[in-house]
Amino acid sequence: MKEIKELLSLKSKILITTHVNPDGDAIGSSLALYNFLIKMGHDVTVVVPNDYPDFLRWMKSDEKVINFSENSDDVEKLLNKTDIIFCLDFNNLKRINELGDLIQLSNAKKVLIDHHLNPDNFYDYKYHNVDASATAELVYDLISFIDDGLIDKDISDCIYTGILTDTGSFRFASTSSKVHRIVADLLDKGVRSDRVGKIIYESNSFDKLKLLGYSLSKKLEIICDGRAAYIVLSRKDLLDNNYRKGDTEGIVNYALSIAGVNMATLIIETKERVKFSFRSSGDFSVNHFANLYFNGGGHKNAAGGSLEDKLSVALEKFLESISKHKKELNY
Ligand code: 5GP
Ligand code: MN
């Protein structure tokens, strides 16, 4: 943190980026850092690899975020003039698609702030801790260290959103007493937990809820003697339910909520590939599982991956892989 503080002692052109399909922690930590660095007097831009859901589009300066998939030429020009790149909530440049290639080539100083396992070595500075509940927690540590007087309600809202979403509303094992102390400070700075909760969790569209209903009533399967559950959604399932970005978020947790189920998977057929979301309770590491069979990673209890196969082939591969680990699905 001392070195990063020193790096920021000169006014700089800074680019902040985060992982593909940005979630609450990705956007919350990026905008928290953005608003803080702007207050310090830096020239800052947030670039996301692709779009994110509406329930995350309310934090301060959201309208300034640039979507790389729609503005790649502008971002390439911007990168040529950038002094410092902050990489938040991911640790491998492959996680940000083509934007990763541009960042790899850039001469800017690269700062990694992240809490995922096994960081790839592409950075000049790193603030990384796998025990952190969210990247937003690490951003809070860092900006408090640099100048805690600058943390206002808007920045607090961003950090709160990152921590709220990445801890599953303060339920996951990563929710330490420190997390609660940070949140206490954020509430003192004006965060309204009822309002943030309403925006994040109770702003479902009718279609999103119908898709959830369809997934649970028609597509939920239990395997491995009741220890695992999965849901497969084909492209057609999504289109039939007027799918919009973010609509499948949270579905996997319903599968994990079944008594006795310690591993849940959501399998989604996208245009390019088949995407897997894995969740577990207890000791079974879905990070390891995702890494072993699905070109993926993440955290011990929440990970993802993908296969470039037909949906039926990808499903077969999943069923075969999980059956090998049946005995490990304990809690
Ligand atoms: P989700 O299932 O919500 O997409 O992702 C769960 C966790 O796994 C997140 O922390 C996310 O960053 C990580 N993750 C998701 N997909 C991938 C992937 O394809 N590769 C890697 N390395 N991590 C992933
Ligand atoms: Mn995160």
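Rules of the game
Residues numbered from 1 in each chain as written. Chains lettered and ligands numbered in written order. Predicted model: local features only at pLDDT ≥ 70, side-chain atom pairs only at ≥ 80, totals over all residues. Heavy atoms only, no water. Phe/Tyr/Trp six-rings, centres within 6.5 Å; stacked < 30°, edge-to-face > 60°. Buried < 20%, exposed > 50% of the residue type's maximum accessible area, 1.4 Å probe, protein only. Helix = DSSP H or I, 4+ residues; strand = E, 2+ residues; numbered from the N terminus. Expected span 1.5 Å × (residues − 1). Arc of directions from axis to C-beta. Contact = heavy atoms within 4.5 Å. Pairing = 2+ DSSP bridges. Axes fitted to C-alpha atoms, helices over the stretch in contact; angles between N-to-C directions. Parallel < 35°, antiparallel > 145°, perpendicular 65-115°, else oblique. Left-handed = near helix turned anticlockwise from the far one by under 90°. Nonpolar A, V, L, I, M, F, W, Y, C, P; charged D, E, K, R; others polar. Donors = N, O, S within 2.8 Å, 3.2 Å for Na, K, Ca; no water.

Caption draft 1: Representation of the packing of aromatic side chains in the model. Throughout the structure, instances matching the rule amount to 15 aromatic pairs. Between Phe276 and Phe278, the aromatic rings sit 5.7 Å apart at their centres with planes inclined by 20°, giving stacked as the arrangement. Assigned by exposure class, Phe276 and Phe278 land together as buried. Between Phe278 and Phe318 the ring centres are 6.5 Å apart and the planes differ by 25°, which places this aromatic pair in the stacked class.

Caption draft 2: Structural detail: helix H13 (residues 311-324). Along its 14 residues, H13 runs 20 Å from first to last C-alpha, staying within 8% of the 20 Å computed at 1.5 Å per residue. Buried residues of H13: Leu311, Ala314, Leu315, Phe318, Ser321 and Ile322, and no others. For H13, the arc enclosing every buried residue in end-on projection is 130°, short of the 170-degree limit, so these residues lie on one face. Considering only its buried residues, H13 is in contact with strand S7 (220-223), strand S8 (228-233), strand S9 (263-269), strand S10 (274-280), helix H12 (286-293) and strand S12 (302-307).

Caption draft 3: Broad picture of the environment of Asn71. Position of Asn71 among the secondary structure elements: in the loop between strand S3 (66-67) and helix H3 (72-80). Take Asn71: its relative accessible area is 27%, and that puts it in the partly exposed class. Residues Asn71 and Pro49 lie 22 residues apart in sequence; the distance between their C-alpha atoms is 9.8 Å.

Caption draft 4: Local environment of the sheet that holds S9. Strand order across the open sheet formed by six strands is S7-S8-S9-S10-S12-S11, with mixed pairing between neighbours. Edge positions in the open sheet fall to S7 and strand S11 (297-298), since each of these has one partner strand only. With four bridges joining them, S7 and S8 adopt antiparallel strand pairing. Each bridged residue has a counterpart across the sheet, and for Glu221 the counterpart in S8 is Tyr230. Strands in contact with H13 are S7, S8, S9, S10 and S12; relative to S9, the strand with the most contacts, it is inclined by about 165°.

Caption draft 5: Quick peek at the packing of helix H5 (residues 135-147) against helix H7 (residues 177-188). The contact between H5 and H7 brings their axes to 11 Å, and the two run at 65°. As summarised for this structure, H5 and H7 are arranged roughly perpendicular, according to the angle between their axes. The two elements H5 and H7 meet at a crossing, and its hand is left-handed. Along the contact surface, H5 presents Glu137, Tyr140 and Asp141, while H7 presents Lys178, Val179, Ile182, Asp185 and Leu186. Grouping the constituent residues of the contact of H5 with H7 by class yields four nonpolar, no polar and four charged.

Caption draft 6: Inspection of the coordination of the manganese ion (ligand 2) at higher detail. Protein coordination at the manganese ion (ligand 2): the donors are Asp25 (OD), Asp89 (OD), His115 (NE2) and Asp166 (OD), at 2.2 to 2.4 Å from the metal. Positions of the donor residues of the manganese ion (ligand 2), expressed as sequence spacing, correspond to D-x63-D-x25-H-x50-D. Of this pair, Asp89 sits in the loop between strand S4 (84-88) and helix H4 (98-105) while His115 sits in the loop between strand S5 (109-114) and strand S6 (125-128); the two residues are 26 residues apart in sequence, bridging distant segments of the chain. This pair shows no difference in class: Asp89 is buried, exactly as His115 is.

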